[in-house]
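Inside the fold
If you want the building blocks of each chain, they are given just below.
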Amino acid sequence: MKGMTLIVKKTTQLIAGIIFMYGIYVIVHGHLTPGGGFAGGVVIAGSFILITLAFGGDFLKLIKEEAGTTIVESLATILVILIAVSGFIFGTKIFFNNFLPKGIAGHLVSAGVLPLYNIFVGTEVAASIFIIFLSLIIFKEESKE
Amino acid sequence: MIAYIMCFILFLTGLYGVITRRNLVKIAVSLSIMEISTFLFFALLGYIDGGVAPIVDPSDPAKVYVDPLPQALVLTAIVIGLATTSMLMAVIIRLYRKYGTFDIREIKNLRG
Amino acid sequence: MNQLIPLFVVIPLAAAFLIMIIGRFVEEFNKYFTSIVLMFLAFMSFYFLFNTGENMFVYKVGGWEPVNNIPIGIYMVLDGFSVIVVCIINLVGFLSAIYSISYIKRYTSPNYYYALFCLMIGGMNGVVLSGDLFNIFVFLEISVISSYALVAFGVESNELEASFKYQILGGLASFLILFGIGFIYWKTKTLNIADIKSAFSNGYNKTTYLFIQILMLSGFGLKAAIIPFHAWLPDAHSSAPSPISAMLSGIFIKAVGIYVLIRLFFNMFAITEGMAILITVLGTVSMVIGVFLAIGQWDIKRLLAYHSISQMGYVVMSVGIGMILLSKGVKPEIASLAIAGGIFHLINHAAFKGLLFLNAGAIEYTTGTRNLREMGGLAKNMPVTSATSFIASMSISGVPPFNGFFSKLIIIIAAIMAGFYLLAALAVVVSIITLASFMKFQRYAFYNKPDNSKSQNIKEVPFPMMFSMVTMSIICILLSLLVVPAIRDTILTPAINVLADPLKYSTTVLIQ
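Residues numbered from 1 in each chain as written. Chains lettered and ligands numbered in written order. Predicted model: local features only at pLDDT ≥ 70, side-chain atom pairs only at ≥ 80, totals over all residues.

Moving on, we get to the environment of Met382(C). All names here are of chain C. As for its placement among the helices and strands, Met 382 is situated in the loop between helix H13 (332–367) and helix H14 (383–397). Once the C-alpha coordinates of Met 382 and Val 461 are considered, the two residues, 79 residues apart in sequence, prove to be 7.7 Å apart. In contact with Met 382, not counting residues within four places along its chain, are Thr 366, Ile 458 and Glu 460. (Helix = DSSP H or I, 4+ residues; strand = E, 2+ residues; numbered from the N terminus. Contact = placed C-beta atoms within 7 Å.)

Below, the structure is given as structure tokens:
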């Protein structure tokens, strides 16, 4: 697909990094402020989609991107299930247990295993929304040739 | 009370769209509007008079918090609605490639 | 033993994503890995079947214990009725996975197929094992979205149109269920099934209660394809690939439709006479209209899909008779007999309808057509397929000594002893018309005189498909042993006791 004009490309280069950092902020502070894994993941996917729309890309490059993103998404989901199952192994035999030490309320490093869940779920949601977007574009490119 | 009536109006709009529209994309968008009316109804259920948003601030604890359980349910249901809508859109663009039209009255291969 | 319950949900989910990663690098990994995982799940479910008996296993996710006797966590409950449905889900899933080892060669991208298959099995296990109302909704959506993608798997114009119709009606059903859950939360401020029962027994507003029951009946009735809500079933079940049709018609409409209806109306809502009569009427109408719509079909899979509607009508009618007798409080042993007939027919239908769809897939694999007028004389060249198809047709028509005869006999006897002579007469008439319809299927497909040119190069199907069909037909024959009193007391009687006693579920779950 073709990219857009020069003004859009320069503006996107300035802004996409700021949106990405805002998404990471929403994910990591999920246990202190509203947001968490889902909402932050959607914001990160938004920054990737912005770059793809502004710069365009030909067919082979998009297929390579989709292969890599699928591996990232599946790996993140397996890590979420692994953290949930590790409640079996360490400590008591309970699934989804919160077994890391809980710190002082209101600090960034606290609440046991919850920030780890937020990070991996956020990665997975971002990867899957980017894959939805890429699949629709690849279908359009494939039928044009 | 006004908020509950707004829920009902959204639901009726979505239902009217699913039943009477002919374009495939408009049917899919009307289904999404119907689900949004349910989310609004859920979020209104947890309201308690005089409550504040359910975020604990250790230095200034409030007396009454709004019920946080329906908010968590709505967050999950929004993500499920996203998955349903994207699945519908993928099928719709492949249908356009096969039949050449978006009109639902033309797509009737399976009958009887 | 409690700690093994979440494994039914975790293992298929992890397997689906492992297949997506490793299947890109290692060829042939996805087929054998899926079969091994499902075989392990089937063995685990049979282990639970023979060890459960009358006690209920309750597992609290995350270890959140009740506070002031109010449950605050998510519960997973395994009792006598759930363990039967878990067994049939995993067993039919395992046989379909082996069948699709050789059937999938005509489609591209087998990685996605096996990953979606594992996700569907994981979602259905979650629906059956959950003790919390919103958890049922989340796992229902996981399995339903996977089935939308699997119905549209071979992307031709017929399959895409069937999937679109299925998705719109399925989305409407999910909306109704979510709306009903919202109303229940508003009135009782809790989401645990056992706790809702004890909250409703303190007193309720009659109009809101009736509205909630109608919403739940419509939502789950759309998923189970009872008669006003059946419009998606013939298209979706006939356009899907054959192992997916066997799973959709064999276990999907039971696990997310009929199972949840029975669980909610017997263990969560107090049984009233009006709703019981409505459910019985809906079941009878499904039974009659389904079989009349099925006689005139010439497409094999559409014929089998319409017969699914009719047999589900048998189950709903029998359970409805049990509800009417329990609501009046008279003759509890006849109510138990009617519920036993319903559950036995549910198990039987999973076995023989799965086998019939696998046979239809085998016929389509060799002859390349699904129209009954274009085939004939297959009995000479395909002996295994025609023998198993004969066993399945005799089972569904209710011919002794196969399993369909015993379950239909129990339903008809229960209807006569309860005094509903019209329903018993309708059940007998529908059974005779089913026999006529399957005689037509057998004659046109297997024993007719063929055209000369087409029947030269028809061979038997490959080994994995034969293995699945033969195993399923052995299960069909073995299931008729459930009438023997010793086996019936270990398997069927705990399920009936959980359902027929209104207070047993909620009190046992809340004290654990």
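Let us look at the packing of H13(C) against helix H17 (residues 463–478) of chain C. Helix-helix packing: each pair is described by the crossing angle between the helix axes and the interaxial distance. Residue and element names in this part refer to chain C. For the pair H13 and H17, the least separation of the axes is 9 Å and the interaxial angle reads 155 degrees. Compared by their axis directions, H13 and H17 come out roughly antiparallel. Crossing hand, H13 versus H17: left-handed. Residues Ala 351, Phe 352, Gly 354, Leu 355, Leu 358, Asn 359 and Ala 362 of H13 touch H17, and the partners they reach there are Met 465, Ser 468, Met 469, Met 472, Ser 473, Ile 475 and Cys 476. (Axes fitted to C-alpha atoms, helices over the stretch in contact; angles between N-to-C directions. Parallel < 35°, antiparallel > 145°, perpendicular 65-115°, else oblique. Left-handed = near helix turned anticlockwise from the far one by under 90°.)

Once that is clear, we can look at the pairing of strand E2 (residues 74–78) of chain C. Residues in a regular strand project their side chains so that they alternate between the two faces of the sheet. Residue and element names in this part refer to chain C. Here E2 lies mainly inside the structure; four of its five residues are buried. Pairing geometry for strand E1 (residues 57–61) and E2, over five bridges, is antiparallel. Looking at the pairing, Phe 57 lines up with Leu 78 of E2. (Buried ≥ 20, exposed ≤ 12 C-beta atoms within 10 Å, placed from the backbone. Pairing = 2+ DSSP bridges.)

This paragraph deals with unusual backbone geometry. Residues and elements named next belong to chain C. In this structure, Pro 401 follows Pro 400 across a cis peptide bond, with omega equal to 0 degrees. Secondary-structure assignment places Pro 401 in the loop between H14 and helix H15 (403–418). In this structure, Glu 28 is a non-glycine residue whose phi angle is positive, near 65 degrees. Secondary-structure assignment places Glu 28 in the loop between helix H1 (7–22) and helix H2 (29–52). By C-beta crowding, Glu 28 is classed as exposed, having 10 other C-beta atoms within 10 Å. Positioned with a positive phi, Lys 189 is a non-glycine residue whose angle comes to about 60 degrees. Here Lys 189 is to be found in the loop between helix H6 (157–188) and helix H7 (193–200).

Before going further, it helps to examine the confidence of the model for chain C. Residue and element names in this part refer to chain C. Residues at a pLDDT of 70 or more form 98% of chain C, whose mean pLDDT is 89. Per-element confidence in chain C ranges from a low mean pLDDT of 83 for helix H19 (residues 504–510) to a high of 94 for helix H5 (residues 133–151). Model confidence for the complex: the whole-complex pTM is 0.93, and ipTM, which rates the interface, is 0.93. (pLDDT = per-residue confidence, 0-100.)

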